[in-house]
Amino acid sequence: MILGLDIGGANTKAGSADGSFAKSVYLPLWKEAPLVEVLREISGEKPAALGVVITGELADCYKSKLEGIESIMGAVRSAFTCPISFWGFKGFQSGNLMELAAANWSASATLIAQDIDDCLFVDMGSTTTDLIPIKGKALAAASDYMRLRNGELVYTGLLRTSIGALMPSSRIDGADVPTSPELFAITADAYLALGEISGDQYACDAPDGAGKDHLSAKRRLARLVCADLEELGEAGAMAIAEQVRERQLDLLVRAIYRQSEMRGLEQVAAAGIGERIIAHACDLLGLQCIRLSEKYGKKISDIFPAYAVARLLADQ
């Protein structure tokens, strides 16, 4: 087995080059998560070689990105005994550790350029959405900071985005009601209340540490406007959930339109746990959408950078 790892701040993902193994573990590094222990468990698959991409260096438990990269590399090396290759935005690591920072999109885009050709690669995870133009090769900026500036990274995801940050107000009973900027509810609550994800797919911490069921999600949504669910009513909570869905879709439509127009791309390759939302945005824009779940399988789409770095290592 050739195995790939994508170690992020919130999730650690693993996938094999042949597609037979795919796993995602919620592992928030800023909460002193047991990274080494989880990696040792994954190493039980006994890979012949390991490819790694790192995005967790931005977790605020580290004083700098470099400290994060070195810490994560150390954890990987202590857990695996097979040969290990780290992927940076210029390819497998050549010496400059900062090239490894947030380079998972680069592995994905490199594989997509081989397997699909020119397109806009869009990967929506639990926390962020990558939009990587590909014309022969990936054209995105190297750093998260520059990708944010260029619109190639949008800090919104299917699960962990704070709704108070996503939309400053909500229309309830004909009135525009400001939403609290406190971390009362996240996008996972909206999609859970709408029945678009299950409790099992709510793969992160609930803001209040309570249940991952419809009633608990609606209670958290009500708290956004400083109300109890009994005070706001179920219709009010659901109105907030529906507007979250509309707002996030609108953000994605605008981001995809900007990149596709700028680069002259009419085809989108959609990946990640938010693949369905990307496909909806493409429909609204009249763009062709290749869903990677249909090409590689849903489990692979959900952990695509881990699969991509494994494939690239196997090819090498």
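It should be noted that the structure appears before, not after, this text.
Residues numbered from 1 in each chain as written. Predicted model: local features only at pLDDT ≥ 70, side-chain atom pairs only at ≥ 80, totals over all residues. Heavy atoms only, no water.

A. Molecular detail of the overall build of the protein. Assigned secondary structure in the protein consists of 13 helices and 13 strands. In terms of overall size, the protein behaves like a compact globule, its C-alpha atoms giving a radius of gyration of 20 Å where 316 residues would be expected to give roughly 20 Å. Considering only C-alpha atoms, the protein reaches an extent of 60 × 45 × 35 Å along its principal axes. Classification of the 316 residues of the protein by burial places 55% in the buried group. Here the protein has roughly 13600 Å² of accessible surface; of this, 48% comes from carbon and sulfur atoms. In the protein, the 31 positive side-chain charges and the 41 negative ones have mean positions that sit 3 Å from each other. (Helix = DSSP H or I, 4+ residues; strand = E, 2+ residues; numbered from the N terminus. Rg over C-alpha atoms; globule rule 2.2 N^0.38 Å. Buried < 20%, exposed > 50% of the residue type's maximum accessible area, 1.4 Å probe, protein only. Areas by Shrake-Rupley, 256 points an atom, 1.4 Å probe, with all protein chains shown as cover. Lys, Arg positive; Asp, Glu negative; His and termini not counted. Charge placed at Lys NZ, Arg CZ, Asp CG, Glu CD.)

B. Representation of the sheet that holds strand β8 (residues 129-134) within the structure. Ordered in space as β9-β8-β7-β12-β13, the 5 strands form an open sheet in which the pairing is mixed. The outermost strands of the open sheet, each flanked by one partner alone, are β9 (153-154) and β13 (288-291). Two elements, strand β7 (residues 119-124) and strand β12 (residues 267-271), share 4 bridges in a ladder whose sense is parallel. Bridged to F121 within β12 is A269. (Pairing = 2+ DSSP bridges.)

C. Spatial organisation of the state of the cysteines. Counted by the stated rule, this structure contains 0 disulfides. C204 carries a free sulfur, and the closest cysteine sulfur to it, the one in C61, is 17 Å from it. The buried category is assigned to C204, whose relative accessible area is 2%. (Disulfide = S-S within 2.5 Å.)

D. Geometry of the environment of Q259. Following the sequence through the fold, Q259 ends up in helix α9 (residues 234-263). Along the primary structure Q259 and L120 are separated by 139 residues, whereas in three dimensions their C-alpha atoms are 7.6 Å apart. Each residue touching Q259, except ones within four places of it in the same chain, is listed here: L120, L131, P133, N150, G151 and E152. There is a polar contact of 2.9 Å between the side chain of Q259 and the backbone oxygen of N150. (Contact = heavy atoms within 4.5 Å. Polar contact = N/O pair within 3.5 Å; in protein donor to acceptor, adjacent residues only side chain to side chain.)

E. Local environment of the pairing of strand β10 (residues 169-172). Of the two faces of β10, only one is covered, namely that formed by S170 and I172; the face formed by S169 and R171 stays uncovered. For β10 and strand β11 (residues 175-178), the ladder comprises 4 bridges, and the chain directions are antiparallel. The partner of I172 across the bridge, within β11, is A175. What sits between β10 and β11 in their antiparallel hairpin is a turn of 2 residues, with D173 showing a positive phi close to 50°.

F. Representation of the side chain of D130 in the model. Mapped onto the fold, D130 is located in strand β8. Overall, the relative accessible area of 8% leaves D130 in the buried class. Side-chain polar atoms of D130 contact the side chain of R147, separated by 2.8 Å. When sequence neighbours within four positions are dropped, the list of residues in contact with D130 reads N104, W105, F121, V122, D123, R147, E152 and L153.

G. Geometry of a nonpolar patch on the surface. A grouping of L58, L148 and Y155 is seen on the molecular surface, where their side chains present a nonpolar patch of about 290 Å² in accessible area. Along the chain, L58 turns up in the loop between β4 (49-54) and α2 (65-79). (Patch = residues over 30% accessible without salt bridge, like charges linked within 9 Å, V, L, I, M, F, W, Y side chains within 5 Å. Salt bridge = Lys/Arg side-chain N within 4 Å of Asp/Glu carboxyl O.)

H. Spatial organisation of the sheet that holds β4. Read across the sheet, 6 strands follow the order β3-β2-β1-β4-β5-β6 without closing on themselves; strand pairing throughout is mixed. The open sheet terminates on both sides in strands that have one partner only, identified here as β3 (22-26) and β6 (91-92). Summarising the sheet, β4 and strand β5 (residues 84-88) pair through 3 bridges and their orientation is parallel. Looking at β5, one finds that V52 is bridged to F86. Set on the sheet, helix α13 (residues 304-315) makes contact with β1 (2-7), β2 (11-16), β4, β5 and β6; between it and β1 the angle comes to about 140°. (Axes fitted to C-alpha atoms, helices over the stretch in contact; angles between N-to-C directions.)

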